[in-house]
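# Secondary and tertiary structure notes
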Amino acid sequence: GQNIDQPTEMTATEGAIVQINCTYQTSGFNGLFWYQQHAGEAPTFLSYNVLDGLEEKGRFSSFLSRSKGYSYLLLKELQMKDSASYLCAVREVDSNYQLIWGAGTKLIIKP
Amino acid sequence: DSGVTQTPKHLITATGQRVTLRCSPRSGDLSVYWYQQSLDQGLQFLIQYYNGEERAKGNILERFSAQQFPDLHSELNLSSLELGDSALYFCASSVGGDNSYEQYFGPGTRLTVT
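The sections below set out a description of the structure shown in this document. (Residues numbered from 1 in each chain as written. Chains lettered and ligands numbered in written order. Predicted model: local features only at pLDDT ≥ 70, side-chain atom pairs only at ≥ 80, totals over all residues. Heavy atoms only, no water.)

## Overview of the sheet that holds strand 1 (residues 3-5) of chain A
Residue and element names in this part refer to chain A.
- Taken in spatial order, the five strands make up an open sheet running 1-3-8-7-6, and their pairing is antiparallel. Of all the strands in the sheet, the pair left with one neighbour each is strand 1 and strand 6 (53-57). On average, each strand axis in the sheet is inclined to that of its neighbour by 15°, with strand direction left out of account.
- Strand direction decides the pairing type here: strand 6 and strand 7 (residues 60-65), joined by five bridges, are antiparallel. Residue pairing in the sheet places Glu 56 in a bridge with Ser 61 of strand 7. (Pairing = 2+ DSSP bridges. Helix = DSSP H or I, 4+ residues; strand = E, 2+ residues; numbered from the N terminus. Axes fitted to C-alpha atoms, helices over the stretch in contact; angles between N-to-C directions.)

Here it is, written out as structure tokens:
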């Protein structure tokens, strides 16, 4: 069956580094997206991984291991504005390439 | 600004009523997706249209329906509204129909059913 797991909530300190994990069990994996969503606002695209390895984009990096069904989003030099929910979504071949969305991880940044 | 527009921003209505939410995709995008997000909940995929045709269906209730018009804008119709339908409704658009590119989300319509 389809299953995506993310921690419900995480807390980190301004200036630090945080890693948000996403594990998945889907039928026919074909890519994983990360989105950021501030409270009451629309999700915005952060990254897309389809091959194993690390993709770096400024302060944000995303990693994928297809054999382990695992991805993480790494946020460095945390800023208060990074307080948001981070959504993991898997592109599934057997669902006609639809996205299966995780419930999201709420990240709280403290000064 | 994602380039996706949604109207109205807010909607307050009573149980049993019917409402229509409207979405205009980014210029050039052929796919439109509709999502429901209840308070402090994850995104629930409702339905996708691609170039005027229904492409995929998620957890959409029978009381809800949608369509995409020739100019590619889309409408989501919600009828026989219940208190539990109160939520943020997002529309998103993308270039293709198979999620090989990111989705761009509109600002959402906040629906309150009283």
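## A word on the pairing of strand 4 (residues 31-37) of chain B
All names here are of chain B.
- Among the seven residues that make up strand 4, seven are buried, leaving the element largely enclosed by the rest of the structure.
- Residues Ser 31, Tyr 33, Tyr 35 and Gln 37 line one face of strand 4 and the alternating positions Val 32, Trp 34 and Gln 36 line the opposite face, and both faces are buried.
- Across six bridges, strand 4 lies against strand 5 (residues 44-50) in antiparallel orientation. Note on strand 5: the bridge partner recorded for Val 32 is Tyr 49. (Buried < 20%, exposed > 50% of the residue type's maximum accessible area, 1.4 Å probe, protein only.)

## Things to note about the interface of chain B and chain A
- Between chain B and chain A, the residue contacts involve 21 residues of the former and 17 residues of the latter.
- For the chain B and chain A pair, buried surface summed over both sides reaches about 1400 Å², with 53% attributable to carbon and sulfur atoms.
- Taken together, the connections running from chain B to chain A amount to one salt bridge.
- Close ionic contact of Asp 98 of chain B with Arg 91 of chain A constitutes a salt bridge, the shortest N to O distance being 3.3 Å.
- In this assembly, chain B and chain A are joined by seven residue pairs in polar contact (both at pLDDT 80 or more).
- Here the residues of the side of chain B that touches chain A sort into nine nonpolar, eight polar and four charged. (Contact = heavy atoms within 4.5 Å. Buried area = accessible area lost by both parts, 1.4 Å probe. Salt bridge = Lys/Arg side-chain N within 4 Å of Asp/Glu carboxyl O. Polar contact = N/O pair within 3.5 Å; in protein donor to acceptor, adjacent residues only side chain to side chain. Nonpolar A, V, L, I, M, F, W, Y, C, P; charged D, E, K, R; others polar.)

## Considerations on the state of the cysteines
- One pass over the structure, following the stated rule, counts two disulfides over all chains.
- Between the sulfur atoms of Cys 22 of chain A and its disulfide partner Cys 88 of chain A the distance amounts to 1.9 Å. Residues Cys 22 of chain A and Cys 88 of chain A are joined by a disulfide whose S-S torsion is about -55°; by sign, that bridge is left-handed. Taken together, the residues span a long stretch of sequence, with Cys 22 of chain A in strand 3 (residues 18-25) and Cys 88 of chain A in strand 9 (residues 84-92) at a distance of 66 residues. The two residues Cys 22 of chain A and Cys 88 of chain A agree in class, both being buried.
- One disulfide bridge connects Cys 23 of chain B with Cys 91 of chain B, the sulfur atoms lying 1.7 Å from each other. When the S-S torsion is -40°, as for the bridge of Cys 23 of chain B with Cys 91 of chain B, the disulfide is left-handed. Of this pair, Cys 23 of chain B sits in strand 3 (residues 19-24) while Cys 91 of chain B is found in strand 9 (residues 87-94), placing the two residues 68 residues apart along the sequence. (Disulfide = S-S within 2.5 Å.)

## A look at unusual backbone geometry
- Cis peptide bonds are those with omega within 30 degrees of zero, and the linkage from Thr 7 of chain B to Pro 8 of chain B qualifies with -10°.
- Relative to the elements of secondary structure, Pro 8 of chain B occurs in the loop between strand 1 (5-7) and strand 2 (10-13).
- For Glu 77 of chain A, which is not glycine, the phi dihedral falls at a positive 45°.
- Along the chain, Glu 77 of chain A falls in the loop between strand 8 (70-75) and strand 9.
- Residue Asn 96 of chain A is not a glycine yet carries a positive backbone phi of 60°.
- Tracing the backbone shows Asn 96 of chain A in the loop between strand 9 and strand 10 (98-101).
- Residue class for Asn 96 of chain A comes out partly exposed when judged on its relative accessible area of 38%.

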